[in-house]
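Structural description and commentary
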Amino acid sequence: MDVVSIRDFSREQIEHVLKVAEKMVPIAKGEEKSNLLEGKLLGSLFYEPSTRTRLSFEAAMGRLGGRTLGFDEPKGSSVAKGETLADTIRMVDGYSDAIVLRHPQEGAARLAAHFADKPVLNAGDGAGQHPTQTMLDLFTIKKLKSKIEGNHVAILGDLKYGRTVHSLSEALSMFGAELTFVAPPTLQMPKEHLKRIESMGIKPKMSSSLEDAIKNADVLYVTRIQKERFPDPAEYQKVAGLYKVDMNMLKNAKKDLVIMHPLPRVTEIDPEVDATEHAKYFEQAFNGVPVRMALLSLVLGGSK
Ligand code: CP
């Protein structure tokens, strides 16, 4: 199947991915060898910059004995000559066994899935969704808190343009987590996602105060203000640097507060926080490897 939106997955299917991912951890760490995807090729098409998603997909494929082909920016491909996404997808569909796509336009992965016979994995479509990030976020919360349901997750930052939080908040609602959205009013969670969340029986709290939200949170999920998605740079300047998680802010936090961030960060988490027990964002980034190994093995028909 394709991995386009978290909405395409049931809770049971997500739980299955997380279980498979757990078994992949020793292979992801290089402690065990696997040839589960030997002979398989992943087409990797990144129309936007990426460090974690692209490299962890490549690591996942390589650790399972498969290989990756593609581009990390469209300039070096025939996209620069005006080739459409539909045509590029048709080509790569013939060259590979699955396609991972990052694209600036919302809906691009769904379009790619329409034109491809092979499975398409959405690595982020504009301000839309980032479902594989959500699965690694859920995997991280489950690992650190032993369960997802019942945890109070405060999600901070750019909730309007941040695709990771769109997928994540919907998935957390499916699992029965408590949600607080912390953002300036102009960057609050879009209505479309709020409706979806409320339809699952979750009533998220809305706040613009990090101080208030941090006190009750079990997990603080921090995001970057998505500068590249603001149509007006002046609007970005109004909200840039508005929130910062620092040592002073953490004085009011629960002792076992987990701080996550999909990364990259800019100024929203002070580097001093990295040395605290709260900081789990680098562990979270590593979890991208076993989770993407699980997804690749499931869509490519390997099993662990
Ligand atoms: N979390 C995430 O999507 O990071 P990259 O943009 O580096 O892939």
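Quick look at the sheet that holds strand E8 (residues 219–222) now. Read across the open sheet, the five strands follow the order E7-E6-E5-E8-E9; overall the sheet is parallel. The open sheet is flanked by strand E7 (205–207) and strand E9 (258–260), the only strands paired with a single partner. Direction aside, neighbouring strands of the sheet carry axes that sit 20° apart on average. Bridge count between strand E5 (residues 152–156) and E8: four bridges; the pairing is parallel. Across the sheet, residue Ile155 finds its bridge partner in E8, namely Tyr221. Packing of helix H5 (residues 131–145) onto the sheet brings it into contact with E8 and E9, and relative to E9 it is tilted by some 165°.

This part covers the side chain of His193. Note that His193 resides in helix H7 (residues 191–199). Taking the relative accessible area as the measure of exposure, His193 reaches 5% and is therefore buried. Setting aside residues no more than four positions away along its own chain, His193 makes contact with Arg7, Gln129, His166 and Glu170.

Using the criterion set out here, one finds 20 salt bridges in the structure. Ionic pairing is found between Arg90 and Asp87, a salt bridge with its closest N-O pair at 2.7 Å. Here Arg90 pairs with Asp87, and both are found in helix H3 (residues 85–95), just three residues apart, close to one helical turn. Taking the relative accessible area as the measure of exposure, Asp87 reaches 32% and is therefore partly exposed. The partner of Lys205 in a salt bridge is Glu178, and the shortest N-O contact between them spans 3.2 Å. With a gap of 27 residues between them, Lys205 in strand E7 and Glu178 in strand E6 (residues 178–182) connect regions that are remote in the sequence.

Attention shifts here to the site of the ligand. Neighbouring the ligand are the residues Ser50, Thr51, Arg52, Thr53, Arg102, His130, Gln133, Pro262 and Leu263. Within the side chain of Gln133, one N or O atom sits 3.0 Å away from a nitrogen atom of the ligand. Here a nitrogen atom of the ligand sits 2.8 Å away from a polar atom, N or O, in the main chain of Pro262. Calculation on the ligand without its partners gives an accessible area of 250 Å², and the protein chains cover 91% of this total. Of the residues in the shell around the ligand, the class split is two nonpolar, five polar and two charged. Of the residues that make up the shell around the ligand, three or more belong to each of domain 1 (6–130 + 286–299) and domain 2 (132–284).

A word on the domain arrangement of the protein. Along its sequence, the protein is organised into domain 1 (6–130 + 286–299) and domain 2 (132–284). Relative to domain 2, the C-alpha centre of domain 1 lies at a distance of 24 Å. Facing the 33 residues of domain 1 at the interface are 31 residues of domain 2. Between domain 1 and domain 2 the total buried area reaches about 2800 Å² when both faces are included, carbon and sulfur atoms providing 57% of it. Its salt-bridge partner being Arg229, residue Glu48 comes within 3.0 Å of it at the nearest N-O pair. For the interface between domain 1 and domain 2, the tally reads 21 residue pairs in polar contact (both at pLDDT 80 or more). Looking at the side of domain 1 that touches domain 2, the elements that each hand over two or more residues are helix H1 (11–28), helix H2 (52–63), strand E3 (98–103), strand E4 (120–125) and helix H10 (281–299). It is H1 that provides the largest number of residues to the side of domain 1 that touches domain 2, a total of eight residues. A per-class count over the side of domain 1 that touches domain 2 returns 14 nonpolar, 10 polar and nine charged.

Before going further, it helps to spend a moment on the packing of H1 against H5. Direction vectors running N to C along H1 and H5 enclose 70°, while the axes themselves pass 10 Å from each other. As far as their axial angle goes, H5 and H1 are roughly perpendicular. Counted together, Ile14, Val17, Leu18, Ala21, Glu22 and Val25 of H1 and Met135, Leu138, Phe139, Lys142 and Lys143 of H5 form the full contact between these two elements.

What follows concerns the packing of aromatic side chains. One pass over the full model with this rule turns up four aromatic pairs. Seen from their ring centres, Tyr161 and Phe230 are 5.0 Å apart, and the 55° between their planes marks the pair as tilted. Residue Tyr161 is found in the loop between E5 and helix H6 (163–174), and its partner Phe230 is found in the loop between E8 and helix H9 (233–239); the two are separated by 69 residues along the sequence. This pair shows no difference in class: Tyr161 is buried, exactly as Phe230 is. Plain terms: the ring middles of Phe230 and Tyr236 are 5.6 Å apart, the flat faces sit at 75° to each other, and that makes the pair edge-to-face. Taking relative accessible area as the criterion, Phe230 reaches 12% and is therefore assigned buried. Among the aromatic residues, ring-to-ring pairing joins Tyr161, Phe230 and Tyr236 into one connected group.

Conventions adopted
Residues numbered from 1 in each chain as written. Predicted model: local features only at pLDDT ≥ 70, side-chain atom pairs only at ≥ 80, totals over all residues. Heavy atoms only, no water. Pairing = 2+ DSSP bridges. Helix = DSSP H or I, 4+ residues; strand = E, 2+ residues; numbered from the N terminus. Axes fitted to C-alpha atoms, helices over the stretch in contact; angles between N-to-C directions. Contact = heavy atoms within 4.5 Å. Buried < 20%, exposed > 50% of the residue type's maximum accessible area, 1.4 Å probe, protein only. Salt bridge = Lys/Arg side-chain N within 4 Å of Asp/Glu carboxyl O. Near = heavy atom within 4 Å. Polar contact = N/O pair within 3.5 Å; in protein donor to acceptor, adjacent residues only side chain to side chain. Areas by Shrake-Rupley, 256 points an atom, 1.4 Å probe, with all protein chains shown as cover. Nonpolar A, V, L, I, M, F, W, Y, C, P; charged D, E, K, R; others polar. Domains from an automatic or database assignment. Buried area = accessible area lost by both parts, 1.4 Å probe. Parallel < 35°, antiparallel > 145°, perpendicular 65-115°, else oblique. Phe/Tyr/Trp six-rings, centres within 6.5 Å; stacked < 30°, edge-to-face > 60°.

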